[in-house]
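# Structural overview
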Amino acid sequence: MSDNKLERIKCLIIGSGPAGYTAAIYASRADLKPIMYTGMEPGGQLTTTTEVDNFPGYPEGIDGPTMMMQLQKQAERFGTEVRIGMVTEVEFSKEVGGIHKACIDNSTWVEAETVIISTGATAKYLGLPSEQRLRGGGVSACAVCDGFFYKNQEVAIVGGGDTAAEEATYLANICSKVTMLVRKDEMRASKAMQHRVTNTKNIDLRYNSQVDEVLGEQVVEGLRILNNVTGEKEEINITGLFIAIGHKPNTEVFKGQLDMHEDGYLITQGKSTKTNLPGVFASGDVQDKEYRQAVTAAGTGCMAALDAERYLAAIESKEEVSA
Ligand code: NDP
């Protein structure tokens, strides 16, 4: 690491979803002069959503990208500096009051007294070679982003959770037919979402079914489905395949430095946002595999900024700080 470009700040926020922006609003109002690095997907997962109907304060709903732009403006109004860039390496201090270092885009290092991690989670894929080859050629993990391209066509969706159920009904409004593959003999989605699926005429719901192969060279032309009870295989014609089987937290860069659960979600202490390292806090989906809502992410973003502010105040007043 070269020292010639070091910048020392009070608060570094990594990630720009509802958690990151809410942390930024609170941290900038507390005069921590936060700098946010947006990551690869500025605005986070909500920028791939059309309508957000369940965030309090928007009685008519709001589209995801607009909401994220408003959050950014609100954070900037109080002095947050939003920079486009990826944190590619970190060297976190283990000491109370220590300085944490983060490398941006493999080139510039930033030093920070506190770090708020809000890097979110990313969609999972099945991992089949045919699926990977056809990503961007008809295989997608975001129905609301890409569903439009399959207007009046036949598509399939994989998954049995709330996301799959929600996306299947969304697609059913656009596409002529949606084949939904659930690998077990039941869905994990809430009963209300299951009812929406079963009450939608053009969703062909298939249990005990999984993708055997995505067919097509350059673009998706069909799907070979395996019934994992009978062993039977069947080919159907589709032009789009949507994968909705959950998410993976974006924590790769913190491996070996921060405590994580087996599946990669960051561990926070009690009901706080404190990680195992003093001055490093985590908020949003990166530490929450259970609720994962914009409003809960925003709530924990607020908590992280308050935790960071109190941590710094305690150091300043030379109080005992528990790591
Ligand atoms: P979930 O983890 O809840 O569900 C994942 C689904 O994908 C499960 O049906 C799982 O099957 C299936 N799956 C996983 N891996 C594979 C695989 N390799 N092949 C085939 N199927 C697979 O993820 P979601 O994204 O659906 O939801 C995440 C969280 O967000 C949940 O808590 C959910 O309630 C919440 N949510 C809430 C919404 C709302 O309230 N409007 C909307 C969307 C999400 P199996 O059951 O067999 O493991």
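Below: a short report on this structure. Nothing here was measured: the structure is a model prediction, and the numbers come from that model. (Residues numbered from 1 in each chain as written. Predicted model: local features only at pLDDT ≥ 70, side-chain atom pairs only at ≥ 80, totals over all residues. Heavy atoms only, no water.)

## A closer look at the sheet that holds strand E17 (residues 240-243)
Selection criterion: When DSSP finds at least two bridges between two strands, those strands are taken to pair. A helix here means a DSSP run of H or I that spans at least four residues, while a strand means a run of E at least two residues long, and both kinds are numbered starting from the N terminus.
Here 5 strands make up an open sheet; going across it, the order is E10-E17-E11-E12-E13 and the pairing parallel. Unpaired on one side and paired on the other, strand E10 (139-140) and strand E13 (203-206) mark the two borders of the sheet. Note that strand E11 (residues 154-158) and E17 share 4 bridges and pair parallel. Paired with Val158 across the strands is Ile243, a residue of E17.

## A look at the pattern of salt bridges
This is how the line gets drawn: Between Lys or Arg on one side and Asp or Glu on the other, a salt bridge is scored when a side-chain nitrogen of the former is within 4 Å of a carboxyl oxygen of the latter. Accessibility here uses a 1.4 Å probe with only protein chains present; expressed as a share of the type maximum, an area under 20% marks a residue as buried, one over 50% as exposed, and anything in between as partly exposed.
With the rule as written, the count across this model stands at 14 salt bridges. The salt bridge involving Arg206 is made with Glu234; its shortest N-O contact spans 2.7 Å. Residue Arg206 is found in strand E13, and its partner Glu234 is found in strand E16 (residues 233-237); the two are separated by 28 residues along the sequence. Here Arg224 ties to Glu213 by a salt bridge, and the two come within 3.6 Å at their closest N and O atoms. Of this pair, Arg224 sits in strand E15 (residues 222-227) while Glu213 sits in strand E14 (residues 209-215); the two residues are 11 residues apart in sequence, bridging distant segments of the chain. Using a relative accessible area of 28% as the deciding quantity, one classes Glu213 as partly exposed. It is possible to trace a salt-bridge network through shared partners that takes in Asp212, Glu213, Arg224, Lys233 and Glu235.

## Side note on the environment of Glu235
Using the following cut-off: Should any heavy atoms of two residues lie within 4.5 Å, those residues are counted as being in contact.
Of note, Glu235 is situated in strand E16. A relative accessible area of 52% means that Glu235 is categorised as exposed. Spatially, the C-alpha atoms of Glu235 and Asp162 are 26 Å apart, while their sequence positions differ by 73 residues. Residues within four places of Glu235 in sequence aside, it is in contact with Leu215, Leu223 and Arg224.

## Here's the deal with the pairing of E16
Residues in a regular strand point their side chains to alternate faces of the sheet. As defined by bridge partners, E15 adjoins E16 across 5 bridges and the pair is classed as antiparallel. Across the sheet, Gly222 pairs through a bridge with Asn237, a residue of E16. In sequence, E15 turns back onto E16 through a hairpin of 5 residues, with Gly231 there showing a positive phi of about 80°.

## Quick notes on the environment of Thr22
Mapped onto the fold, Thr22 is located in helix H1 (residues 18-29). Distance from Thr22 to Thr300, taken between C-alpha atoms, is 8.4 Å for residues 278 residues apart in sequence.

## Topic: the pairing of strand E7 (residues 100-104)
The buried count for E7 comes to 4 of 5 residues, which makes it a mostly enclosed element. In this structure, strand E6 (residues 87-91) lies alongside E7, joined through 4 bridges in antiparallel fashion. Along E7, the bridge assignment pairs Glu91 with Lys101. Two strands pair when backbone bridges link them, and E7 and strand E8 (residues 108-117) are joined in this way by 5 bridges, in the antiparallel orientation. Bridge pairing in E8 links His100 to Ala112. Hairpin remark: E7 followed by E8, antiparallel, with 3 residues in the connecting loop; positive phi at Asp105, about 50°.

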